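# Breakdown of the fold
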Amino acid sequence: MAFTRATGKHRRPSRITRTTKSAAGVAALTTTGVIGTLAAPAFAADAASVQQTGLTQAVTIGDTVAEQVDAQAAAQRHAADEAAALKKAEEAAKRRVMAEAKKEREVKARAARAAERKLLNTFVAPVAGSYVSTGYKTGGSLWSSGSHTGVDFHAASGTVVQAVGAGTVVTTGWAGAYGNQVVIKMHDGTYTMYGHLASVNVSEGQTVTPGQPIALSGSTGNSTGPHLHFEARTSAEYGSDIDPVSYLRSHGVSL
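Residues numbered from 1 in each chain as written. Predicted model: local features only at pLDDT ≥ 70, side-chain atom pairs only at ≥ 80, totals over all residues. Heavy atoms only, no water.

### Digging into the overall build of the protein
Put simply, the rule is: Counting from the N terminus, the helices are the DSSP runs of H or I reaching at least four residues and the strands are the DSSP runs of E reaching at least two. Summary of the burial criterion: residues with accessible area below 20% of their type's maximum are buried, those above 50% are exposed, and those between are partly exposed, where the area comes from a 1.4 Å probe applied to protein chains only. The criterion used for residue contact is that any of the two residues' heavy atoms lie within 4.5 Å. With residues, only the protein chains shown are counted as cover, and all accessible areas are computed by Shrake-Rupley using a 1.4 Å probe.
The number of helices and strands found in the protein is 5 helices and 12 strands. Burial statistics for the protein: of 255 residues in total, 29% are counted as buried. Counting contacts in the protein only where the partners sit at least 6 residues apart, residues at least 24 apart contribute 58% of the total. Entry remark: accessible area of the protein is about 15800 Å², with carbon and sulfur atoms responsible for 57%.

The structure is reproduced here in structure tokens:
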């Protein structure tokens with residue numbers, strides 16, 4: 001009796017077909033990343049991880065593999081959390097450094113402004129350790145106006161003459177009866193004049209500070225001997241003089 005080979009929809013899949021489907025299923029899971037990183041250890045034992053259903057072959061992931069996947073995901077989340085925390089800490093530290101630097105700049109700026117105010121409000125006598133030898137408005141034929149337009153400070157020839165306060169030099173050089181002179185515009189808008197100088201050490205436009213040497217005393221111009229003629233004025237011009245002793249005392253200078 002002859003046997004006919006089964007055909008059609010009731011035909012049993014061949015071993016080759018079953019094996020191909022098994023490989024395709026594993027490849028699909030591996031490609032999607034579900035078990036990509038665990039392919040080698042997870043499928044070392046084909047019998048344990050690949051089950052026959054009779055129709056198709058399916059891949060099952062055991063508890064050990066699932067635990068490994070969860071552990072890997074947890075480790076990745078932990079690493080991401082640590083990176084975020086580190087970045088946050090670095091940003092906070094940067095903000096602290098910037099705030100401290102800003103505070104330090106503000107402290108230095110306040111100190112500089114205070115020092116500048118102190119400098120502007122500081123006045124000294126035009127000749128250190130000297131005294132007034134001829135007073136303001138003293139009368140006599142020695143002065144063309146009939147009276148003294150400033151005060152004379154006792155000073156031997158070559159004595160250092162200093163700026164009484166902060167200001168800007170507006171005039172230097174020969175000035176007739178005053179001989180060599182220096183005129184300074186002070187920071188408050190008033191002017192000071194220094195006359196009968198032997199030499200001048202500053203130039204027009206130069207800024208000066210309180211106590212800065214500007215000249216050496218002498219006896220140039222209409223002078224009876226070495227001394228410093230000092231005037232306080234409301235302008236740079238002759239005839240705008242004010243009491244120089246009162247002027248200096250109003251700025252804290254003891255005479």
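There is more to say, and it comes next.
### Structural notes on the pattern of salt bridges
How we decide: Criterion for a salt bridge: a side-chain nitrogen of Lys or Arg within 4 Å of a carboxyl oxygen of Asp or Glu.
In the structure shown here, the tally under the stated rule is 3 salt bridges. A salt bridge links K108 to E104, with the nearest nitrogen and oxygen atoms 3.5 Å apart. Of this pair, K108 and E104 both sit in helix α4 (residues 63-120), separated by 4 residues, roughly a single helical turn. The exposure class of K108 is exposed, given its relative accessible area of 55%.

### Digging into the nonpolar core
To keep it simple, the criterion reads: In this text, buried Ala, Val, Leu, Ile, Met, Phe, Trp, Tyr and Cys residues form a nonpolar core when linked through side-chain atoms within 4.5 Å.
Counting residues in hydrophobic clusters, the biggest one holds 26 residues, and the most contacted among them are V182, I184, Y194 and I214. Breaking this core down by element, the ones donating at least two residues are β4 (151-153), β7 (180-186), β8 (191-200), β10 (213-217), β11 (228-233) and α5 (244-250). Apart from residues no more than four positions distant in its own chain, I214 is found in contact with V161, Q162, A163, V182, I184, Y194, V200, N201, V202 and V208.

### Some remarks on the pairing of strand β6 (residues 167-174)
Where we set the bar: By definition, two strands form a pair when at least two bridges between them are found by DSSP.
Sheet topology places β6 next to strand β9 (residues 207-208); 2 bridges connect them, and they run antiparallel. Bridge pairing in β9 places T168 opposite T207. For β6 and β7, the ladder comprises 7 bridges, and the chain directions are antiparallel. Considered in β7, the bridge of T172 is made with V182.

### A word on the side chain of T192
The condition that has to hold: A 3.5 Å cut-off defines polar contacts: any pair of N or O atoms within that distance qualifies, except that in protein one atom must be a possible hydrogen donor and the other a possible acceptor, and neighbouring residues in sequence count only when both atoms are side-chain atoms.
If you trace the backbone, T192 turns up in strand β8. A distance of 3.0 Å separates polar atoms of two side chains, one belonging to T192 and the other to Y194. Once residues lying within four places of it in the same chain are set aside, the contact partners of T192 are V164, V182, V183, I184, M186, F230, E231 and Y247.

### Looking at the packing of aromatic side chains
To keep it simple, the criterion reads: When the centres of two rings from Phe, Tyr and Trp lie within 6.5 Å, Trp using its six-membered ring, the rings pair. Their planes under 30 degrees apart give stacked, over 60 give edge-to-face, and anything left gives tilted.
Applying the stated criterion across every chain yields a total of 4 aromatic pairs. When the ring of F153 is compared with that of F230, the centres are 6.2 Å apart and the planes differ by 75 degrees; the resulting orientation is edge-to-face. Placement of F153 in strand β4 and of F230 in strand β11 is noted, with a sequence separation of 77 residues between them. Exposure class is identical for F153 and F230. Each is buried. By way of ring pairs, the aromatic residues F153, Y194 and F230 are connected into one cluster.

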